[in-house]
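Here is how the chains run, residue by residue.
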Amino acid sequence: MKLGKFSVLLSLILWIVLTTFCMPVSAEASGITLDRVVQINDYQLILEFSEPVTFNYYGVSSGPYWAIRITDESFALKKSGNTNLQWPGILTYADSYHDRLLFTVTSTRLGIDSITEIMNFEGELSSFKGSLVTFCFEEVSGPSSQGKDSLVGNVSDAFGLTFLVANRVASSDGCYVKIEKDFSYKIDLSEAEGIPNARVDADVYIETPATTVLPTDTAEVTTPQTTQAVTTDAPSEPTTEPIVKEPVGQTNIVVYLVCILLSVGSIVVIVLNRKGKGQSK
């Protein structure tokens, strides 16, 4: 009888663990999010992610594409004549944990070369007032980055298991975040690092119509002297290896395996409990 009571108690505990910790995780919860894009001075932005990120984990494409963009409400890129209203630049890791990136604008469009001028719609941009000023990561297609799956496949965690969630679904999915301003933002550039495998041709871009647009809510600093990923016509070669940290995706896999083992154990305990009851009769 003691074994029977213990089996029932253990079964109850296992059932509570299973129902509490092993519920299915939604697609939104399992993806990486770009939570904030902050203008910290006239020429630089800080990008804050939900977890550490790496680019092109599988090494099969040259993306993602990134830039400041002027867009409409559906995040479609705006143009002035034949000029795309987008400003590429340099990306580095802002710190050793790799969950923040530092962007420095390096390009000129319509005589505009500073983020402040873009945000204020100065010069020839005056006719675009009322448009959105966003920072964009756009997917560059490849074997591991398929369009129309609501993910930017070129941006992932350190294991290539979870990817950046897109809010503009197209043949090249994109993640767009409105830029906010905070010139008091504090950052220690002594920890800045280059980004391996971040290569892109800045001016090769083909606008693709969105199939779905998902809703989105949205100090002087000098460029660190490190290996930098630059959006120029000549892609830079990676020179460092990414820091590996445990990602959300890896944790989920471990949790699911534990849940399976607990389920099997629970079934075994219940069967033994029933047999014990039968023998006691």
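As the structure is a computational prediction, the values presented were derived from the model and not from experiment. (Residues numbered from 1 in each chain as written. Predicted model: local features only at pLDDT ≥ 70, side-chain atom pairs only at ≥ 80, totals over all residues. Heavy atoms only, no water.)

Points about the pattern of salt bridges
Applied cut-off: A carboxyl oxygen of Asp or Glu within 4 Å of a side-chain nitrogen of Lys or Arg is what we treat as a salt bridge. Runs of E in the DSSP output that reach at least two residues are strands. Runs of H or I that reach at least four are helices, and both are numbered from the N terminus. Throughout this description, buried means an accessible area under 20% of the type-specific maximum (1.4 Å probe, protein chains only), exposed means over 50%, and partly exposed covers the range between.
If you walk through the whole model with that rule in mind, you get four salt bridges. Glu 48 is the salt-bridge partner of Arg 36, the closest N and O atoms lying 3.4 Å from each other. Placement of Arg 36 in strand S1 (residues 34–39) and of Glu 48 in strand S2 (residues 44–49) is noted, with a sequence separation of twelve residues between them. Among the residues examined, Arg 36 registers a relative accessible area of 27% and is labelled partly exposed. Of the charged contacts, one joins Asp 95 and Arg 100 as a salt bridge, the two residues approaching to 2.9 Å between their closest N and O atoms. Here the two residues Asp 95 and Arg 100 agree in accessibility, since each one is buried. It is possible to trace a salt-bridge network through shared partners that takes in Arg 36, Glu 48 and Glu 180.

Quick word on a nonpolar patch on the surface
Selection criterion: Only residues above 30% relative accessible area that lack a salt bridge enter a patch, with like-charged residues linked at up to 9 Å and the nonpolar side chains Val, Leu, Ile, Met, Phe, Trp and Tyr linked at up to 5 Å. Areas reported as accessible are Shrake-Rupley estimates using a 1.4 Å probe. Residue values count occlusion only from the protein chains shown.
A grouping of Tyr 57, Tyr 58 and Val 60 is seen on the molecular surface, where their side chains present a nonpolar patch of about 290 Å² in accessible area. Along the polypeptide, Val 60 turns up in the loop between strand S3 (54–55) and strand S4 (65–71). Here Val 60 falls in the partly exposed class, since its relative accessible area comes to 40%.

A word on the pairing of strand S10 (residues 132–138)
Put simply, the test is: Here, strands pair whenever DSSP counts at least two bridges between them.
In terms of residue burial, S10 counts as a mostly covered element, since seven of its seven residues are buried. Note that S4 and S10 share seven bridges and pair antiparallel. The residue bridging Arg 69 from the neighbouring strand is Thr 134, located in S10. In terms of strand pairing, S10 meets strand S14 (residues 174–181) through five bridges, oriented antiparallel. Along S14, the bridge assignment pairs Phe 135 with Val 177.

Things to note about the side chain of Thr 134
Operational definition: It only takes one pair of heavy atoms within 4.5 Å for two residues to be counted as in contact.
Position of Thr 134 among the secondary structure elements: in strand S10. Setting aside residues no more than four positions away along its own chain, Thr 134 makes contact with Ala 67, Ile 68, Arg 69, Thr 71, Phe 75, Tyr 176, Val 177, Lys 178 and Ile 179.

Let's talk about the environment of Ile 68
Within the secondary structure, Ile 68 sits in strand S4. By relative accessible area, Ile 68 is classed as buried at 0%. Along the primary structure Ile 68 and Lys 178 are separated by 110 residues, whereas in three dimensions their C-alpha atoms are 9.6 Å apart.

What about the packing of aromatic side chains?
Each aromatic ring pair is characterised by the separation of its centres together with the angle its planes make. Defined as follows: In this analysis, rings of Phe, Tyr and Trp, with Trp reduced to its six-membered ring, are considered paired at centre separations within 6.5 Å, and the interplanar angle assigns stacked below 30 degrees, edge-to-face beyond 60, and tilted for intermediate values. Only Lys NZ and Arg CZ are tested; either one counts as a charge over a ring when it is within 6 Å of the ring centre and within 35 degrees of the ring normal.
Per the counting criterion, the structure on display carries seven aromatic pairs. Ring geometry for Phe 55 against Phe 137: centres 5.9 Å apart, planes inclined by 75°, an arrangement best described as edge-to-face. Pair noted here: Phe 55 is in strand S3 and Phe 137 is in strand S10, with a separation of 82 residues, a long-range link. The pair formed by Phe 55 and Phe 137 is uniform in burial state, with each residue classed as buried. Seen from their ring centres, Phe 135 and Phe 137 are 5.4 Å apart, and the 70° between their planes marks the pair as edge-to-face. Across the pair, Phe 137 and Phe 135 agree in class, each one buried. Joined through ring pairs, the aromatic side chains of Phe 49, Phe 55, Trp 66, Phe 103, Phe 135 and Phe 137 make up one cluster. In this structure, Lys 181 is placed above the aromatic ring of Phe 183, and the distance from its NZ or CZ to the ring centre is 4.7 Å.

These figures come from the coordinates and say nothing about function on their own.
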